[in-house]
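Notes for the structure review
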Amino acid sequence: MANQKNKKGSYPKRSQYATKGSQRSQKGGMRQPAQKKSGDFLDGKIWTLLPIVFGYTLVPVFTMTKDYDIDFTEFDWFNAKALTGQIDSFGYAKGVFLVALAVIALLILGAEGIISREDFKKRLFQNHKVVLICLSVYSVMVLLTSLITPYKELAFQGGGYAQWQTLWVLLGYAVLFFYTIMAVDSERQMRVLIYTFGIGLVIATSLGFLQAIGHNPFLWEWVQKIITHFSRVDHISFQKKYSQVIISFSNPDYCGAYIGMVFPILCTFLFLGYEQKGWKKWLLRLISMGILVMMFVTLNGSGSSSGKIAVIGVAALGILYRLIGFLAGKASGKQKIGITVAVVVVGLVAVIGGLQTKPAKEVIAKYEKGLKDTRNFVNIVNQGDECYVEMRNGETFHLNVQIEDGKVGDIYIKDSKGKKIALVYNAEQAGYIIPDSRFSMVRVIPKRYQVGETAYDSFIFRDAPNNIEWTFMKVNGNWLYYTPFGKLVSLKKVPRFGFKNLENLFNRRGYIYSRTIPLLKQYWFTGSGPNSFIIAFPNHDFVGSKRVGNSTTLVDKPHNVFLQIAVQTGLLSALGYVGIWLWYAWDSIRLYWKRKLSSDREKFGFGLFLGTIGYAIVGITNDTVIGVHVVYWLILAMGIVVNRMIRSQEAEATHEKI
């Protein structure tokens, strides 16, 4: 017989709906509402969900053009003058909207006066200690880094090359995450979140689908007038040769990141609605199937390799996880080992088959292309009137070029053993060559350049087979590199880690990672500051940049979520960020193992779990942007809430049976 408690007993119900022991209606099987407790935090107040709902439905598609300037003239890797008249349509406005939602969430928390409530404290400290610690570490380090960074304008206002994840935005993520965990705790609230999340998928996917079939809504005249209302421009355009399938993000890759994250959640809608009447249930599934088709069209149109990998990967992991759990639950003893082995074998066969698909072959082709590295020079360093050169084949030499008032004197090198080799002029090559097979790719071409009112003795150092060249000018007896930005600088050796001969991997990501990883030693504690990755990254690596792209290209993002957070707000904040997901992932693995997923809440919760895995996959090769990252934080928070509600219901049901 169940234990009896009086009104002041120690078993308050959190959910607005009674648990397993409650009466059920004869028709629909829905649980009847239990009497509401005075200590229930925001229970049943659907309007309090608006900051969450707007966060994953409207923020990702909110678009408004902002005018701004880019001024990094103090750095060698930037122009001598600022870039004026820049516009951003897909980042800044989302950040403003997000911060407004976070402020509203805080006001709701304060207006409800919940800080002293026992239910609030219990939910916070008893259920989520690890999450609270990790979130606190992340948030404190974001704040500390922003206060001490020398680039406070970027941290507090954003800018640069359309980088708008300011201190306020980063804290806004944390606030909405925290608010979701604290504010959602009833079946009714969760059902509202489930179906409004579906509405968000409809909005975003429809936008991407229209772009994929050649009807980009952003190019419609009346839309252009709305989104440019506060700008000095009257229209926006898209770069040629780049996909216009971006949904409402700044790059097609972020479209893939969004789809890779929400794809498994959309799949759960195919199985929801068992408590609905027949026609409603099948209508929901029919709509979900239509959105799924549009999502695949959108993903294919974006051309995002990371998005395709995430969809394939998360689908395979989800199926294998459920299959192993189901079969293991039916077996016992040694049978479980055999079943697990069999499922893994089947999984490997499926993976091999998947690799034969067109999307997989495209990804493999990009990977194989990145393995080819024919560029010959790794480092060039100015040393007074000489240049020290490191080559990909392991050879090194010192280059000495003597030119005075346009007249060419001695030109020679000294190899690593000190052997002097004179260069020989070759009329066909229109320059000097080194008569040694180790250095046959080197060309030195004397020049004389007029910069302003000054004439400089100069020479071009060329990687002949790849047609890559660097121009040096003599200033006060020393050779200086003449940058594409019109500045004279000394080239220095840039620290790098790993990715030898793999710097072209996945569109230069190998190069970016190899130069970013060494930065962790410098920024492990406080980081460089929000939005300041472009400054932290060694963009003065003019040799490395040219050798992977044939031209000097500035790197303003690391194309990796962990590296982005670790460099900008410190390694500690990155560990706090990852710690939340690891705790949630482990909790979900244990919770959904062998579970039948019979209720809508369990299905949606499992989809949320797979969604965070999808985002982890795309996060390996993509950094964060506001419209995608806010959805991830809310998915993670809702996943934690669903897991808590499932465990709470089971605990209450067990108690009633005692």
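Reading across the sheet, the 5 strands line up as S3-S4-S5-S6-S7 and stay open at both edges, with antiparallel pairing between neighbours. Edge positions in the sheet fall to strand S3 (377–383) and strand S7 (420–422), since each of these pairs with one other strand and no more. Across the sheet, the axes of successive neighbouring strands diverge by a mean angle of 25°, strand direction being ignored. Bridge count between S3 and strand S4 (residues 386–391): 6 bridges; the pairing is antiparallel.

Attention now moves to the packing of aromatic side chains. Enumeration according to the criterion identifies 40 aromatic pairs in this entry. An angle of 50° between the planes, with centres 6.2 Å apart, marks the rings of Phe72 and Phe75 as tilted. The class for Phe72 is buried, based on a relative accessible area of 6%. You can call Phe75 buried: its relative accessible area is 16%. With 5.3 Å between their ring centres and 20° between their planes, Phe459 and Phe472 make a pair best called stacked. Linking Phe459 in strand S11 (residues 454–463) with Phe472 in strand S12 (residues 468–475), this pair joins segments that are 13 residues apart in sequence. Here Phe459 and Phe472 have matching classes, each one buried. We note Lys66 situated over the ring of Tyr92; from NZ or CZ to the ring centre the distance is 4.3 Å.

Under the counting rule described, the total for this entry stands at 5 cavities of 30 Å³ or more. Here the second largest cavity defines a volume of roughly 90 Å³. The element best represented in the lining of the second largest cavity is helix H18 (residues 561–569), accounting for 4 residues. Residues belonging to the lining of the second largest cavity are distributed by class as follows: 3 nonpolar, 6 polar and no charged.

Its 17 residues give helix H6 (residues 167–183) an end-to-end C-alpha distance of 24 Å, which sits within 8% of 24 Å, the value for a rise of 1.5 Å per residue. With respect to burial, H6 is a largely interior element, 14 of its 17 residues being buried.

Our next topic: a nonpolar patch on the surface. Together, Leu143, Leu144, Leu147, Ile148, Trp524 and Phe525 give the surface a local cluster of nonpolar side chains, amounting to about 540 Å² of exposed area. Inspection of the secondary structure assignment puts Leu143 in helix H4 (residues 129–148). The exposure class of Leu143 is partly exposed, given its relative accessible area of 38%.

Thresholds applied
Residues numbered from 1 in each chain as written. Predicted model: local features only at pLDDT ≥ 70, side-chain atom pairs only at ≥ 80, totals over all residues. Heavy atoms only, no water. Pairing = 2+ DSSP bridges. Helix = DSSP H or I, 4+ residues; strand = E, 2+ residues; numbered from the N terminus. Axes fitted to C-alpha atoms, helices over the stretch in contact; angles between N-to-C directions. Phe/Tyr/Trp six-rings, centres within 6.5 Å; stacked < 30°, edge-to-face > 60°. Buried < 20%, exposed > 50% of the residue type's maximum accessible area, 1.4 Å probe, protein only. Lys NZ or Arg CZ within 6 Å of the ring centre and 35° of its normal. 1 Å grid on protein atoms, 1.4 Å probe; cavity = no way out; pocket = protein on both sides within 12 Å on 5 of 7 lines; lining within 4 Å. Points joined across faces, edges and corners; volume = space filled by probe spheres on them. Nonpolar A, V, L, I, M, F, W, Y, C, P; charged D, E, K, R; others polar. Expected span 1.5 Å × (residues − 1). Patch = residues over 30% accessible without salt bridge, like charges linked within 9 Å, V, L, I, M, F, W, Y side chains within 5 Å. Areas by Shrake-Rupley, 256 points an atom, 1.4 Å probe, with all protein chains shown as cover. Salt bridge = Lys/Arg side-chain N within 4 Å of Asp/Glu carboxyl O.

By themselves, these are just geometric observations and shouldn't be taken as functional.
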